[in-house]
Amino acid sequence: MKAFTLAETVVVVAILGAAGVALSGMIAFFYKSNAYLLEQTSAVDSASRGLSIAHRDIREASYGEDGAYPIATAATSTITLFSDVDSDGPVEKVRFYIQNGTLYRAVTNAAGNPPSYVGQSESITTIATSVTNAASSPLFRYYSAAGSELTGTIDIAAVRSIRIQLLTDLNPQRAPNVVLLERSTTLRNLRN
């Protein structure tokens, strides 16, 4: 049986070391040159998941535990409605709103007999970050049963469908440009 000599072992270790340094350099270069793109992709993916949550909650809006109409308030950057967000039976009060470039969901459980949402604490979660919606690009648009957009002060009794348009941009001073995520939903549980 023949073994490696010391010189052969040193050559093999040197070659493997050089290959390791070259490979780690290539990996570092990839992440350095694509870091922003990877962060933007992560932000868009997070916003997309948040948009799915908002879509589901709005679609399932129903009458509150206190008998309140499914939509409590409706504006271009905020909506308050009632929906069973955790599928546990009781209907929660849900508020979506933008604050400092972040879209939040605040959930309030009803308590007492008769049930009431007044005085109960909100559980707030982040739905999406890097949100760039402004007055010229509303987050929520409301439509009547005929498909006409409701503008100005929204008549909540006339709302039959809602379009959510979420604009996200990790760094507005850098390309790639703003990403638009959009979903439309019809309120399923309204009584005529």
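Residues numbered from 1 in each chain as written. Predicted model: local features only at pLDDT ≥ 70, side-chain atom pairs only at ≥ 80, totals over all residues. Heavy atoms only, no water.

## Looking at a nonpolar patch on the surface
Spelled out, the test is: Residues qualify for a patch when their relative accessible area is over 30% and they have no salt bridge, like charges being joined within 9 Å and the nonpolar side chains of Val, Leu, Ile, Met, Phe, Trp and Tyr within 5 Å. For the area figures, the Shrake-Rupley method with a 1.4 Å probe applies, and any residue is considered shielded solely by the protein chains shown. Salt bridge, as used here: a side-chain nitrogen of Lys or Arg that lies within 4 Å of a carboxyl oxygen of Asp or Glu. Only DSSP runs of H or I reaching four residues or more are called helices, and only runs of E reaching two or more are called strands; each is numbered from the N terminus.
Residues Leu23, Met26, Ile27, Phe30, Tyr31 and Leu38 make up a contiguous nonpolar surface patch of roughly 610 Å² in combined accessible area. Here Phe30 shows up in helix 1 (residues 6-59).

## So, the packing of aromatic side chains
Our working definition: Only the six-membered ring of Trp is used, alongside the rings of Phe and Tyr, when aromatic pairs are assigned; centres must lie within 6.5 Å, and planes under 30 degrees apart are stacked while those over 60 apart are edge-to-face, with the rest tilted. Here, over-ring charges are defined by two tests on the NZ atom of lysine or the CZ atom of arginine: distance to the ring centre within 6 Å, and angle to the ring normal within 35 degrees.
Counting across every chain of the model gives 4 aromatic pairs. The positively charged end of Arg95 is found above the aromatic ring belonging to Tyr97, 4.2 Å away from the centroid.

## Some words on the sheet that holds strand 7 (residues 149-150)
Going by this rule: In this analysis, strands are considered paired if DSSP registers two or more bridges between them.
Judged by pairing direction, the sheet is antiparallel, and its 4 strands sit side by side in the order 7-6-8-9 without closing on themselves. Strand pairing shows two members of the sheet lacking a second neighbour, strand 7 and strand 9 (179-186), which therefore form its edges. Pairing of strand 6 (residues 140-143) with strand 8 (residues 161-168) involves 4 bridges; the strand directions are antiparallel. Bridging from a neighbouring strand, Arg141 pairs with Arg163 of strand 8.

## Let's talk about the sheet that holds strand 5 (residues 122-128)
Convention followed: Interaxial angle, 0 to 180 degrees, is taken between N-to-C directions of lines fitted to C-alpha atoms, where a helix line uses only the stretch in contact. Any two residues having at least one pair of non-hydrogen atoms within 4.5 Å are treated as being in contact.
Spatially, the 5 strands line up as an open sheet ordered 1-2-3-4-5, and their pairing is antiparallel. Unpaired on one side and paired on the other, strand 1 (71-74) and strand 5 mark the two borders of the sheet. When strand polarity is set aside, the average angle formed by the axes of neighbouring strands in this sheet is 20 degrees. By the bridge criterion, 6 bridges tie strand 4 (residues 102-108) to strand 5 in an arrangement that is antiparallel. Looking at the pairing, Tyr104 lines up with Thr126 of strand 5. Packed onto the sheet, helix 1 meets strand 2 (78-83), strand 3 (92-99), strand 4 and strand 5 and runs at close to 130 degrees relative to strand 5.

## What to know about a negative patch on the surface
Note the cut-off: Asp and Glu are treated as the negative residues and Lys and Arg as the positive ones, with His and the ends of the chain left uncounted. Charged side chains are reduced to one point each, which is NZ for Lys, CZ for Arg, CG for Asp and CD for Glu.
On the surface, Glu65, Asp66, Asp86 and Asp88 cluster together into a negatively charged patch. Along the chain, Asp66 turns up in the loop between helix 1 and strand 1.

## Examining the nonpolar core
Counted only if it meets this: Note on terminology: a nonpolar core comprises buried Ala, Val, Leu, Ile, Met, Phe, Trp, Tyr and Cys residues joined through side-chain atoms within 4.5 Å. A simple rule labels every residue: compare its accessible area, found with a 1.4 Å probe on the protein chains alone, to the largest value its type can have, and call it buried under 20%, exposed over 50%, or partly exposed in between.
Core analysis: the largest hydrophobic core is formed by 30 residues, its most contacted members being Phe140, Tyr142, Ile162 and Leu166. Secondary-structure elements contributing two or more residues to this core are helix 1, strand 1, strand 2, strand 3, strand 4, strand 5, strand 6 and strand 8. Ranked by residue count, the leading element in this core is helix 1, at 5 residues. In this view, Phe140 contacts Ile58, Ala75, Thr76, Ser77, Thr78, Ile79, Phe96, Ile162, Arg163 and Ile164; residues no more than four positions away in its chain are not counted.

Interpretation note: all reported values are geometric properties and have no functional meaning in isolation.
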